[in-house]
Amino acid sequence: MSIPKLEFPPFHLPAEAEALRGEVRAFLKETLPKIQSEDRFASWNTPSPEFSRALGAKGWLGITWPKQYGGAERSFLDRLVVTEELLGNSAPAGSHWVADRQSGPLLLKFGTEQQRQAILPRIVRGECYFSIGMSEPDSGSDLASVRTRAEPVPGGFRVNGTKVWTSGAHRNHYCITLVRTSGQHGDRHKGLSQLLVDLKTPGVTIRPIINLAGRHDWNEVTFSDAFIPEDCLIGNEGDGWLQVTSELAFERSGPERFMQNVYVLRELVRVLGRQPAKRASAILGRLIARLWTLRQMSTAVAGMMQGGKSPAIEASLVKDLGTIYQQDLPEIARTLAESDATTEDDLADFLDVAQYASMMAPSYTIQGGTTQVLRGIVARGLGLR
Amino acid sequence: MDRETRDMLLETATRFFAERAGKDVVNGVEKGVWPADLWREIEEMGLPLIAVPEEQDGVGGTLADLMAMLRVAGEHAVPVPVAETALANLLVAAAGGKPAGGPSTVALGELSLQGNRVSGKVARVPFAGVAERFVAIITAGGKSTLVVVPRDAVAIEDTPSHAGEPYGTVTFDGAMPEFSAASPVSAGRALELAALARAMQMAGAADKVLATATEYCKQRVQFGRPISTFQAIQHMLAELASCVAATIASAESASRDADEGGLEKGGSFSIAAAKTQCSDFAHRIAALSHQSMGAMGFTHEHILHHYTRRLWVWRRDFGSESFWGEKIGESFARAGKDELWPALSESRYAA
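On a predicted model such as this, the values are computed, not experimentally measured, just so you know.

A closer look at the interface of chain B and chain A
Turning to step 1, where the next piece is worked out: Each partner contributes to the interface: chain B provides 44 residues, whereas chain A provides 49 residues.
Turning to step 2, where the next piece is worked out: Put simply, the parts of the chain that give the side of chain B that touches chain A at least two residues each are helix 6 (187-219), helix 7 (231-261), helix 8 (268-297), helix 10 (321-335) and helix 11 (340-345) of chain B.
Turning to step 3, where the next piece is worked out: Counting residues per element, the side of chain B that touches chain A draws most heavily on helix 7 of chain B, which supplies 16 residues.
Turning to step 4, where the next piece is worked out: Here the residues of the side of chain B that touches chain A sort into 17 nonpolar, 16 polar and 11 charged.

Here it is, written out as structure tokens:
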């Protein structure tokens, strides 16, 4: 007996992708200081329509999509480089993030021609934003247990139910919503479908769910006899589960799973000064080595995907390790700064940064598949279940 | 080597190590039995001469080929100085010499030259107890000199490693080298290459630990079912897999970068980061694998300790996570916060 070998073949991003990196970096250097952001340390979920439109104007949204929908038909690796630079420079990419990462690709793969033409060019311009309508009050990790029901009626569906943790629903235009269109609650994967829901639809009510840090990112989205026209069905009726799992793959393997709070590391470098004590340098170096390793792993996964493989286990491992790294980072950095920050002012400032980062940290190992769900996937890959 | 040749070599090495470097041989070395036949066959296969050019009596191939072979050696806890001898040979060849036969090792530490004679002391020299010669690189006046010192010219104090391998403290007291030449490889670079070799051996050992723990948990029955069916065990092994994956990925990336950048300077940062990473995770890999195997894995009878003890020793060899981490941290602090991402994304030191 043997277990499948874990391989992360080192992969170089191609020269044209690296050339693009230089362009993106120069653009960010010029643009970011001009962008008003509600966060001092922005990240991929900090919204800024202004920034998204500027990025769209450069042609860097929907970069892999066909030209007929406004895309640039560039490679998936070019997209990776743009993503890395947005994260590495803490750009406020929250408005377009979901649309560019998963909603657009989902519509490209399963949507109707009419849906693609109506929506994709707007995403590309940085004008059209999406939410994810998967989780419900009684349905989190066990997504197949969703209860929101879309009852077929003449010309469309009548939708009733509640979605929760719907990030950005109060500012976004659409929500791709997983609903039951046929069968019973106990039918699990069968009878689910995805609907393209305009968030302005009558009968759709959006209420804030404030998170522990006092931020309003999440919402509860309630459907009360909301009428959704039949041309808003994405793909085939009953194929929702297949589609949603393909969408989740986009969510797992990206660098946002280990670079979300890279600002903590950058600020740590600042407060430690140019010549930290040996012990402090060593701890800083270990944090940097972990981040470097995650990047090598993520690039290797991208290389495998580019080569036509689907490294699901490897992608899950990257998210598992990456999110735990993001959780460890503020804690290690905080105690290190307490002993080694160069000035009292720097320390006080940094402790605020670290405290904020610590408050956000629990979300990393929950969103996009909890650590436990991921470990279940890995365990299956190891042949344990 | 082309891809096919390398794969063939690795396959052959895997089969050979599995057959000839089994449990008894590893245990034997710990008791002081030198596996002369195993070493002879390793030499006949030319393994310690990979990456040494053919015109210098080597078998050719690249640094990456050598490192790939060392990962396989790590996966089998091969208890002879194949890494150390290969490294010594590589350094000798780079300085224009021809590698000699027999086990060799590298003595990387503070040594000085008076005229042609070598003085100083290096602790924890791997396989000092069996090496026929010691290769060192000495820095003086900005120049690097490679020296090859025969065994009978030094004093050796045995300090076996915690994995039972014959490490020792080597004292050079005006020792006369059998060969010396200007070295294009600096002392610092020799340490990087040695660290890279260990990182790759750790990748191999980590892989074996995961395979061993996984197989054990599938077979071990408690409460009427294989313990691998318990979610607690599944999650522990999944976490183990993540640590093993990081070890493999970091070592392989460093090997690629070292190879592409050339023997004298390639992949400096990547090697430092990889050795930091591999050393950092050795603890979790050992802890999780032992926990999953209970008392059985803690016995001398089982092979798990051949790997976990080596991980504990190797994480310290040629620079621990503190040593390499400090180099990385110093550089990134010196460069300041705005260089963090640019340097990291290019796998280079920030300053």
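Topic: the sheet that holds strand 8 (residues 179-182) of chain B
Residue and element names in this part refer to chain B.
Turning to step 1, where the next piece is worked out: On the basis of which strands lie adjacent, the open sheet formed by 4 strands has the order 1-4-5-8 and mixed pairing. If you trace the sheet from one side to the other, it starts and ends with strand 1 (104-106) and strand 8, each paired once. This sheet shows a mean twist of 20° between the axes of neighbouring strands, independent of strand direction.
Turning to step 2, where the next piece is worked out: Helix-sheet contacts for helix 5 (residues 82-94) involve strand 1, strand 4 (133-140) and strand 5 (143-150), and the interaxial angle to strand 1 is about 75°.
Turning to step 3, where the next piece is worked out: Most of the contacts of helix 6 go to strand 4, to which it runs at about 140°, and overall it touches strand 1, strand 4 and strand 5.

Quick look at helix 5 of chain B
Given 3.6 residues per helical turn, the α-helix brings residues three or four places apart onto the same face.
Turning to step 1, where the next piece is worked out: With 13 residues, helix 5 of chain B extends 18 Å between its outermost C-alpha atoms, agreeing within 8% with the 18 Å of an ideal straight helix rising 1.5 Å per residue.
Turning to step 2, where the next piece is worked out: Directly beyond the C-terminal end of helix 5 of chain B, a positive phi value near 95° is found at Gly-96 of chain B.

Quick notes on the environment of Cys-128 of chain A
Residue and element names in this part refer to chain A.
Turning to step 1, where the next piece is worked out: By the element assignment, Cys-128 lies in the loop between helix 5 (113-124) and strand 1 (130-133).
Turning to step 2, where the next piece is worked out: Along the chain, Cys-128 and Asp-100 lie 28 residues apart, while their C-alpha atoms are 9.6 Å from each other.
Turning to step 3, where the next piece is worked out: The residues touching Cys-128, leaving out its near neighbours within four places in the chain, are Ala-99, Ile-119, Arg-122, Ile-123 and His-173.

Section: the sheet that holds strand 3 (residues 117-125) of chain B
Each strand in a sheet pairs with its neighbour through backbone hydrogen bonds, running either in the same direction (parallel) or in the opposite one (antiparallel).
Residues and elements named next belong to chain B.
Turning to step 1, where the next piece is worked out: The 4 strands are arranged 2-3-7-6 in an open sheet whose pairing can be described as antiparallel. Strands with a single pairing partner mark the edges of an open sheet, and in this sheet they are strand 2 (111-114) and strand 6 (155-158). Looking at each pair of strands side by side, their axes are set apart by 10° on average, direction ignored.

Rules used throughout
- Residues numbered from 1 in each chain as written.
- Chains lettered and ligands numbered in written order.
- Predicted model: local features only at pLDDT ≥ 70, side-chain atom pairs only at ≥ 80, totals over all residues.
- Contact = placed C-beta atoms within 7 Å.
- Helix = DSSP H or I, 4+ residues; strand = E, 2+ residues; numbered from the N terminus.
- Nonpolar A, V, L, I, M, F, W, Y, C, P; charged D, E, K, R; others polar.
- Pairing = 2+ DSSP bridges.
- Axes fitted to C-alpha atoms, helices over the stretch in contact; angles between N-to-C directions.
- Expected span 1.5 Å × (residues − 1).

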